[in-house]
Amino acid sequence: MKMRKASVVCILLAVLAAALSGCTSNPKEYGTQKMPAGISQTVIYDGTLASKEENRFKAEITLQDVVRGTDAEDVFAAAGGYASYHEPLEMGDDQELLVARFTFTLTDWPGDSPVELGQRDVNMFKLISEDGNPYDYFLQRRFVKGNLFGDASVGSTQTGCLFYLVDKEDEKPNIVFMPSVNEGVWFKTSLTGSDRKLVDEPIMVSDWLNAGEKDIAFSMGTFNTPLPIGEYGYMYCQSPRFGEYEIEIRVDEILRGSEVDEQLNRLDSYGYYSRNLKDNQEFLLVKLTVNAPSVDMLEESYLDFYVGDCRVINSNTGQEYDFEDSLDFMDDSITAIMPGGSSEGWFGYVIDKNDPSPMMLYQSLNDKILYFKLDQAYELPDDQEPYVSVIPKQNPIRDTSSAKGEWKNPYGLEDTIKLDYNPSSAYRQNAPFAGNIQVLEAYRGEAAAYFLEDDYYSDHYQNAYMDPVVLKIKVKVDSMETDAAPSFDGRNFTVLSGRGGVIGNPVLPQSVFKKDGIDRVYQGGTVEGYVGFLVPKDLEFMEITYGDIYDRIDTAWIDLEFSEEHPEEMDMSADLGIYSYIAEKENYDSAILYEVEVVNGQVTGCNEKTTYFYAGRQDSFLEDLEQYESRIGELDELNGINGKVESDSVSHTISIILEVDFDQVNPENIISIFESPYYILKDENGKPSWKKAKESLENNGYIFR
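Residues numbered from 1 in each chain as written. Predicted model: local features only at pLDDT ≥ 70, side-chain atom pairs only at ≥ 80, totals over all residues. Heavy atoms only, no water.

*Asks:* Talk me through the sheet that holds strand S20 (residues 466-480); I want residue IDs and the actual numbers.
*Replies:* Strand pairing in a sheet takes place through backbone hydrogen bonds and is either antiparallel or parallel in direction. In spatial order, the strands read S18-S19-S20-S23; together these four strands make up an open sheet with antiparallel pairing. Strands at the two margins of the open sheet, each flanked by one partner only, are strand S18 (417-421) and strand S23 (526-536). Recorded for the sheet is a direction-independent mean angle of 35 degrees between the axes of neighbouring strands. Pairing of strand S19 (residues 433-444) with S20, which is carried by eleven bridges, proceeds in the antiparallel orientation. Among the inter-strand pairings, Tyr-443 is bridged to a residue of S20, identified as Val-470. (Pairing = 2+ DSSP bridges. Helix = DSSP H or I, 4+ residues; strand = E, 2+ residues; numbered from the N terminus. Axes fitted to C-alpha atoms, helices over the stretch in contact; angles between N-to-C directions.)

In structure tokens:
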């Protein structure tokens, strides 16, 4: 009886042991064609006996997740699959995208160099249909480069996603790794509810936007669920030019059709886009806010941003509109953003009138893509939490903990700023130099217009969307590295909004100033002069620095605190300092030369020499000589005017020479003696105005030198 009980116990133990061994998974029992591995099941690949040397490695491979359909499209789009330089993805109505994520650990490899997994991953992981037929090779690296596997070294673990085109009716395709080696290792892509519970980290668009720990509405900004108006999208990007950078983008407003006219007239100051549209076309205006929260960009870089980064998709055809149909408003578009800064502006597009719901995309420099719905009726779904920008709404941003001269902590007016300027390009007329720069005065609007020719301001901008800005600059050049002297006209400065956005502002040409500006300054020179720009009227705060956006900018940002009034006492007839202007005119029987002296903005003196020629007319020569000598004699009774007459009886020429001191003379006395005293025309304050005299001389054929 005891023996029988013992036998029964042994049998039960054996059965239990067998049962327990059945519950402990053996890698050989799954990962085959008949029993493909599912989610979280690790399969061992042993290629020791592979015929090709490159396949003789060992690895552990785990399927992490699979998505297909519209979810896969969103992932593919965010990963750069629809980047502009690709040919359009050809996907039939009976096809859809499938994305599978694998973890790959290389456990053994006899070679010295890494396993070329990254160059072969799409060949090594084959998609097989439910009925056993392999799918055609999908050129996914052409679409999604940089998002798959990289080459592997022993002990390394990496995770990568693979993209496939699959038939919609194929519900149970499998993926086989290295089918040529021991029939390969197999994975199923049809996931049940229980499989889904095993997914540790679902495949999400945020994986490609590199959102990290950001609190983002991950399902928004995708191809199928684009961001609505008024909501931010976010991406973490990389580029050789800017380094690693973050970007936040929001569509603030859209205008189209008849709503566009007023705003287009304000933005398009130069009338570039006042062209005739086709009957089936209309304008679309998009206002954007773009932030650059990252401070990890390359030290010398702004985040460049322009209309070509944002393209519009036709909702009827699914195709992008031509780049030629985009409108870049130089005066009020986003140009670039400082790290940690923000900018806003308008872009425009020509679209079809019958396009009911166009979509805009932003493509980063490493092909990540955010999508935006340009449809006013499209709102954030109730179950979505919006992404909140980290950029403060206060304007301007000021951070006194930043180094003095950075854009967040700029210098003030009249501060002397040392520069050791070494540009990286010759895009503008700048050149390496060391020295100092100051902004002495800043004027805007009507106060700035005082410095400009009246007809220029009233004709072009008085009622437009732009304000003139005029700055008085003082420059000292201590040394130059080359023979080329640095230039200090408006083109060599960059203007920044108070929140860190570079303004694509047009420069006021020196020809429209009443006073001379600054051009090139040579070694040892100290010069004061004026530069000017046009800026949007609604721009509240501005800073300026020397240099353009592609140069390394020394820490020289200066806050522009504008004076509300121009200096009334300033005579705008000429620049500071002492100048002599010479105007000359020669007719068939006379030559006239004026030399005008200006000191500290005041016309102080004028010399005139008029020479008459009497070839073959001796009677007229003698008669006029007597008349001129008589009239010059009358000058002895007038203060501030000296005159003499010189004659040559051989050449029959008479020269009348006048010297006028404007500190003593009454201009009316000159008018009573001479018929054409262009040089003593007066300004609105009754003072001798060389500007007006110069205009009169030019209008009467005089040439200046």
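*Asks:* Explain the sheet that holds strand S13 (residues 326-328) to me, using residue names and the numbers behind them.
*Replies:* The antiparallel open sheet is built from five strands, whose spatial order is S8-S9-S10-S15-S13. At either end of the open sheet lies a strand with only one pairing partner, and these are strand S8 (232-239) and S13. The mean inter-strand angle of the sheet, taken between neighbouring strand axes irrespective of direction, is 35 degrees. Relative to strand S10 (residues 281-291), strand S9 (residues 243-256) runs antiparallel, the two sharing eight bridges. Opposite Leu-255, over in S10, you have Leu-285 as the bridge partner.

*Asks:* With reference to specific residues and values, describe the environment of Pro-202.
*Replies:* Here Pro-202 is to be found in the loop between helix H5 (193-198) and helix H6 (206-209). Residue Pro-202 is classed as partly exposed on the basis of its relative accessible area of 42%. Separated by 101 residues in sequence, Pro-202 and Arg-101 place their C-alpha atoms 9.1 Å apart. Once residues within four sequence positions are removed from consideration, Pro-202 is found in contact with Asp-65, Arg-101 and Asp-207. (Buried < 20%, exposed > 50% of the residue type's maximum accessible area, 1.4 Å probe, protein only. Contact = heavy atoms within 4.5 Å.)

*Asks:* Report on the pattern of salt bridges, specifying residues and quantitative values.
*Replies:* Throughout the structure, instances matching the rule amount to 16 salt bridges. One salt bridge connects Asp-121 with Arg-141, and the closest N-O pair in it is separated by 2.7 Å. Pair noted here: Asp-121 is in helix H3 (residues 121-124) and Arg-141 is in helix H4 (residues 140-143), with a separation of 20 residues, a long-range link. Take Asp-121: its relative accessible area is 0%, and that puts it in the buried class. Classification of Arg-141 by relative accessible area gives partly exposed; the value is 24%. Residue Arg-491 is joined to Asp-489 by a salt bridge in which the shortest nitrogen-to-oxygen separation is 2.8 Å. Connected via shared salt-bridge partners are Glu-441, Lys-472 and Glu-528. (Salt bridge = Lys/Arg side-chain N within 4 Å of Asp/Glu carboxyl O.)

*Asks:* Which residues make up unusual backbone geometry, and what values do they have?
*Replies:* In this structure, Met-178 is a non-glycine residue whose phi angle is positive, near 50 degrees. Note on placement: Met-178 falls in the loop between strand S6 (174-177) and strand S7 (185-188). Judged by its relative accessible area of 5%, Met-178 falls in the buried class. Even without being a glycine, Glu-414 presents a positive backbone phi close to 75 degrees.

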